Each structure stands twice: as structure tokens, then as C-alpha cells.
Amino acid sequence: MAQSTLTKFFTAQERRNLQSLYNTGELEAMILQMKSKSDHLDKVQLNIAVMGDVGSGKSTFINAMRDLRSNDQGAAPTGNEETWMEPTRYPYRALPNVQLWDLPGTNSFGFELNNYLKQVKFESFDFFIIVSQARFRENDAVIAKKIQEQGKEFYYIRSKIDNDTRSLKMQGADLNEGWSSIRRDCIINFQSVGVTLPDIFLISSFEREQYDFPKLKSTLARDLPNIQSNVFSLSIPKMMLEITEPKGSTLMTRVLLLAILSGIVGVVPVLAPFPVPMLVPVWYLFTTIVITVSGWIYLRKQLGLSDRLVPSLAKRGKRSGLQVRLKERGFKTKISPAVTNVLFGITTVTCMITGIKHGFSPMGISIFGTVSSFAFTCKLLKDSLNDRLETGQRLVQAALSRD
Ligand SMILES: Nc1nc2c(ncn2[C@@H]2O[C@H](COP(=O)(O)OP(=O)(O)OP(=O)(O)O)[C@@H](O)[C@H]2O)c(=O)[nH]1
Ligand SMILES: [Mg+2]
């Protein structure tokens, strides 16, 4: 299931288009292309992990969802013994883009939970169904928290409810009151650990027309577009990294080249000594500023971040909240952190002037000028590049996130 995030949402041709739009600085066009995709996610494959303790009824549940019995061909193996150690994928034909993943029991392997989650690649799943039998488990609460920490969602299933029903009947208890009490218990347990309440279903995988089984299926079908859209939103940072990575490295190399150029210019006063020594710092200041500002303009153009981009996106997307979201997420195109860089520049020039006044050799001053011009240009442009890459990412996130 190892798949790049872009591959999950975009075809090879679409990926090439996105990459080339980004490379040519057409950020707005790239965002609009991504946005048009985010409005049509019905073909995107969704990986749903079915999790729970050993023997909680995960595999039997998956079979029931697929209208299969344990002995049918293609059914997930079930049984009273620990049955499955590898995450296994089963297609869910009722929703053709949904894959149900049968995971080993959360308390299997003898691993502690964090190792288990690593082993089953927990973070690669899009949605979760936690299956629990008989009573609320500690692992269920921890997993629920971890799912919500990732910004993802889950359903909670109390399985084998036919067994609970049988017990209630044997005790002569009111069935509706008994089921309500099970539901209440789940709610109290989730609330006590600070988990936002999920949809809770009481089901029996042996009685697919009873209890909450039909409701579970219809709820999943109804929620699917929202789940897909949430998964898309959550994936934007990773997708942007994949898109920006090649150009980011190229631009970083160019920043280094500009910084080297800035340093080389520092050799000029040694080759052709200036008649007025005080012109030396002015020369350094002038050349460094010219090269840095040119580099800054170049980066700005290369990354397609213009001042008219935000209003234009807000207008074209007809999304009134966009401007506000961009503001909240700190959209900015200024050089940052400007203050440190200005202080660095002032200190350099002051050192030079002091050096000249105290009669330092032209060679010494030149070496100092070369090194500081290189360092200043490199630092300022690197900061600016990183800031712009981050801003582009925030802009895309804000433009594509759900209202
Ligand atoms: N009564 C009843 N028994 C069930 C139900 N679901 C599963 N079982 C039984 O519970 C036992 C374990 O079910 P599995 O589906 O294999 O459980 P699992 O969670 O996949 O187990 P592992 O893969 O070993 O972690 C089997 O004997 C099933 O027949 C149910 O809804 N009602
Ligand atoms: Mg199983």
C-alpha cells in the first residue's frame, strides 16, 4: 500500500501537469487544478482499517459487510484462535472505491501498542472502524485518540450484540434499556478520555439485517464524500512537499550560486584598490544588496507568489472565507526574518568601517567583506526561499480546505 500521496489522488498526466505548473511559477493555475480535483473525489480509493483486540470479531464483520460467511471463497479467516498477523485488504463491492483492511488484533504480537501501530502502518489508513466486544477496552480509547490526533475519523462498533441480547433475555431485562445502557457506557468511556464522540453501532455479524448493521452500511455510504474530502485536505501538506521538492532543491542551488557570486564580487577592491578606502564598505553594501534583491525578485517570480494571487483566488473560487483563512494562516510574502538580517548587515558594515579606521590591511578587509557578503546573501535568500515554500503550502492548504 506504499503509495505517494499525489499518486493516490492524481493520475500520471495530472501529476505531470501540476508539477509543470508549479515549475513555471503558475501557482494559481496549479491551485485551481487541485481544487477542481477536490470537488470530484468519488474515484479516490479509501483504505479503511478494521481494528480491535484479538477475537473481537473484525474478520467476521468484514465478511458480513461483504455478504460472505466464514467458509465462503475469498472470505477473511475467522475463528476462536488468533487468526491473522498481516494486514489484509478486502474489496467492499457495495462501495467500489472502498477497501476494508483486516488488521491483526491490537493486543497481538506481544508488542506494546506503539510498536503495533508502526508495524501495521497505522498512519497510512484513511478511516477506521474500531471493533470491540463485550466491554470497552483500554486499547480502543488509545487508538481512538491517536486517530483523532491525525485529524481522521472512525466508527465504533460493539460487536457480537447477539450475545449481549441473549444474556439480557436470560436475565429477563428490558432489551431496549439494555442496548441503551451499552451505548451509554461507550459514550461515558470516550468522554472520560477526552475523545470526540464517534458514531457508535451495536451489531451482530451473524444477523446482518438486525440491530445497527443496516444503519452502519448506509451511514458509511452517506459519509463517504466527506471522508474523501477530509483525507484530501489532510494530504495537502504531503502532496505539496512532493510537488515542491524538486524545484525547492534547484532553487536552493541557485541561492548558493548567487551567494558565491556575491562573495566573488568582494575580491574586486583587492584587484583594483579603491582611491577612497571608505568606498570599500559602500561597494560591499551596494553589490550585496543588488544581488540579494535580484535573487529575492527571482525567487518570488519562480514560486508564483504575487500580491494579486490571494484576491484572485478568492474571486475565482467564489469562497468568501478564503481571505480570512489566509490571514489566519499567516499568508505573507515579505522577507523574513527581516530584522535579524538587517542587524546582520548593519553589524558587517560597522565592522568594516571600524577596520578601515584602525588601518586594517585591504586584504583582511576584503576577506571579511567576501565572507560576510556570501553569508548575508546566502542567509537572506535561504530564509526567503524557505518562507516562500512554506507560504505556498499554506496558501494551497487555505485555498483548498473545506469551508
Ligand atoms: N455470537 C457472535 N460471534 C461472533 C460475532 N462476530 C464474530 N464472532 C465469533 O468470534 C470469534 C472471533 O471472530 P473473528 O472474526 O475471527 O475475530 P477477529 O477479531 O478477526 O480475531 P483475530 O483476527 O484473531 O484478532 C469467532 O468464533 C466468530 O465466530 C458476532 O457478531 N456474534
Ligand atoms: Mg481476524
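Preceding block: the structure.
Please read all numbers here as calculations on a predicted model, not as lab measurements.

## What about the sheet that holds strand S3 (residues 98-102)?
Point 1. Pairing in this open sheet of six strands is mixed, and the strands run S2-S3-S1-S4-S5-S6 from one edge to the other. Taken across any chain shown, the strands that pair with only one partner, and hence form the sheet edges, are strand S2 (88-91) and strand S6 (199-202). Here the strands of the sheet are splayed against their neighbours by 25 degrees on average, with no regard to which way each runs.
Point 2. In this sheet, S3 lies alongside strand S1 (residues 46-51) in parallel orientation, the contact comprising five bridges. The residue of S3 that forms the bridge with Ile48 is Leu100.
Point 3. Against the sheet, helix H4 (residues 58-65) contacts S1, S2, S3, strand S4 (127-133) and strand S5 (154-159), and its axis sits at roughly 155 degrees relative to S3.

## Here we look at the side chain of Ser59
Point 1. Looking at the secondary structure, you find Ser59 in helix H4.
Point 2. Overall, the relative accessible area of 8% leaves Ser59 in the buried class.
Point 3. A distance of 3.4 Å separates a polar atom in the side chain of Ser59 from the backbone oxygen of Pro77.
Point 4. Dropping the residues within four chain positions of it, Ser59 is found in contact with Ala76, Pro77, Thr78 and Asp102.

## Some points on helix H8 (residues 175-192)
Point 1. In this model H8 runs 26 Å from its N-terminal to its C-terminal C-alpha over 18 residues, within 8% of the 26 Å that 1.5 Å per residue would give.
Point 2. Within H8, burial applies to Gly178, Ile182, Cys186 and Phe190. The arc enclosing the buried residues of H8, seen along the axis, measures out at 115 degrees, which places them on a common side. Seen from the buried face of H8, the exposed residues on the opposite side, beyond 90 degrees, are Asn176, Ile188, Gln191 and Ser192.
Point 3. Contacts made by the buried residues of H8 are with helix H6 (138-149), S5, helix H7 (161-170) and S6.
Point 4. Its side-chain oxygen placed 3.1 Å from the backbone nitrogen of Asn176, Asp174 serves as the N-cap of H8.

## Here's the deal with the pattern of salt bridges
Point 1. All told, the structure shown has 11 salt bridges when counted by the stated rule.
Point 2. As a salt-bridge pair, Lys37 and Glu14 come within 3.2 Å of each other at their nearest N and O atoms. On the criterion of sequence distance, the pair formed by Lys37 in helix H3 (residues 27-38) and Glu14 in helix H2 (residues 12-23) is long-range, its members being 23 residues apart.
Point 3. Overall, Lys37 belongs to the buried group, its relative accessible area being 18%.
Point 4. On the basis of relative accessible area, Glu14 is assigned to the partly exposed category, the value being 22%.
Point 5. Between Arg184 and Glu177 there is a salt bridge whose closest N-O contact spans 3.1 Å.
Point 6. The exposure class of Arg184 is partly exposed, given its relative accessible area of 42%.
Point 7. Of the residues examined, Glu177 reaches a relative accessible area of 43% and is grouped as partly exposed.

## Let's talk about the nonpolar core
Point 1. By size, the foremost hydrophobic cluster in this structure holds 56 residues, and its most contacted members are Met30, Met34, Phe61, Ile129 and Leu220.
Point 2. Both domains that furnish three or more residues to this core are identified here as domain 1 (41-211) and domain 2 (245-400).
Point 3. Beyond its immediate chain neighbours, meaning those up to four positions away, Phe61 contacts Val50, Ile129, Val131, Ile157, Ile203, Ser205, Phe213 and Leu216.
Point 4. Listed in part, the 26 residues of the second largest apolar core include Leu113, Phe125, Phe128 and Phe136.

## Regarding a nonpolar patch on the surface
Point 1. Taken together, Leu256, Leu257, Ile260, Ile264 and Phe374 make up a surface patch of nonpolar side chains, about 450 Å² in accessible area.
Point 2. Looking at the nonpolar patch element by element, the count peaks at four residues for helix H9 (residues 213-265).
Point 3. Its place among the elements puts Leu256 in helix H9.
Point 4. Residue Leu256 is classed as partly exposed on the basis of its relative accessible area of 39%.

## Details of the packing of H3 against H9
Point 1. With their axes 13 Å apart at the nearest point, H3 and H9 run at an angle of 145 degrees to one another. Our pair here, H3 against H9, has a crossing hand that is right-handed. Packed against H3, whose contacting residues are Met30, Met34 and Ser38, the element H9 presents Phe232, Met239, Met240 and Ile243 at the interface.
Point 2. Looking at the contact of H3 with H9 residue by residue, the class counts come to six nonpolar, one polar and no charged.

## A look at the pairing of S5
Here is the key point about a regular strand: its side chains alternate between the two faces of the sheet.
Point 1. For S5, the buried fraction is high: six of the six residues fall into the buried class.
Point 2. What you see with S5 is no split at all: Phe154, Tyr156 and Arg158 on one side and Tyr155, Ile157 and Ser159 on the other are buried throughout.
Point 3. Judged from the six bridges that link them, S4 and S5 form a sheet pairing that is parallel. Its bridge partner lying in S5, Ser132 is registered against Arg158.
Point 4. Note on the crossover from S4 through H6 to S5: the handedness is right-handed.

## Concerning the packing of aromatic side chains
Point 1. Applying the stated criterion across every chain yields a total of 13 aromatic pairs.
Point 2. On the basis of an interplanar angle of 50 degrees and a centroid distance of 6.0 Å, the ring pair of Phe61 and Phe213 is categorised as tilted. In this pair, Phe61 sits in helix H4 while Phe213 sits in helix H9, placing the two residues 152 residues apart along the sequence. Taken as a pair, Phe61 and Phe213 share a single burial class, namely buried.
Point 3. Ring pairs connect the aromatic residues Trp101, Phe122, Phe125 and Phe128, which therefore count as one cluster.
Point 4. Sitting over the face of the ring of Phe9, Lys8 holds its NZ or CZ atom 6.0 Å from the ring centroid.
Point 5. Geometry around Tyr22 places Lys247 over its ring, the cationic atom sitting 5.8 Å from the centre.

Rules behind the numbers
Residues numbered from 1 in each chain as written. Chains lettered and ligands numbered in written order. Predicted model: local features only at pLDDT ≥ 70, side-chain atom pairs only at ≥ 80, totals over all residues. Heavy atoms only, no water. Pairing = 2+ DSSP bridges. Helix = DSSP H or I, 4+ residues; strand = E, 2+ residues; numbered from the N terminus. Axes fitted to C-alpha atoms, helices over the stretch in contact; angles between N-to-C directions. Contact = heavy atoms within 4.5 Å. Buried < 20%, exposed > 50% of the residue type's maximum accessible area, 1.4 Å probe, protein only. Polar contact = N/O pair within 3.5 Å; in protein donor to acceptor, adjacent residues only side chain to side chain. Expected span 1.5 Å × (residues − 1). Arc of directions from axis to C-beta. Salt bridge = Lys/Arg side-chain N within 4 Å of Asp/Glu carboxyl O. Core = buried A, V, L, I, M, F, W, Y, C linked by side-chain atoms within 4.5 Å. Domains from an automatic or database assignment. Patch = residues over 30% accessible without salt bridge, like charges linked within 9 Å, V, L, I, M, F, W, Y side chains within 5 Å. Areas by Shrake-Rupley, 256 points an atom, 1.4 Å probe, with all protein chains shown as cover. Left-handed = near helix turned anticlockwise from the far one by under 90°. Nonpolar A, V, L, I, M, F, W, Y, C, P; charged D, E, K, R; others polar. Right-handed = clockwise from strand over helix to strand, strands pointing away. Phe/Tyr/Trp six-rings, centres within 6.5 Å; stacked < 30°, edge-to-face > 60°. Lys NZ or Arg CZ within 6 Å of the ring centre and 35° of its normal.

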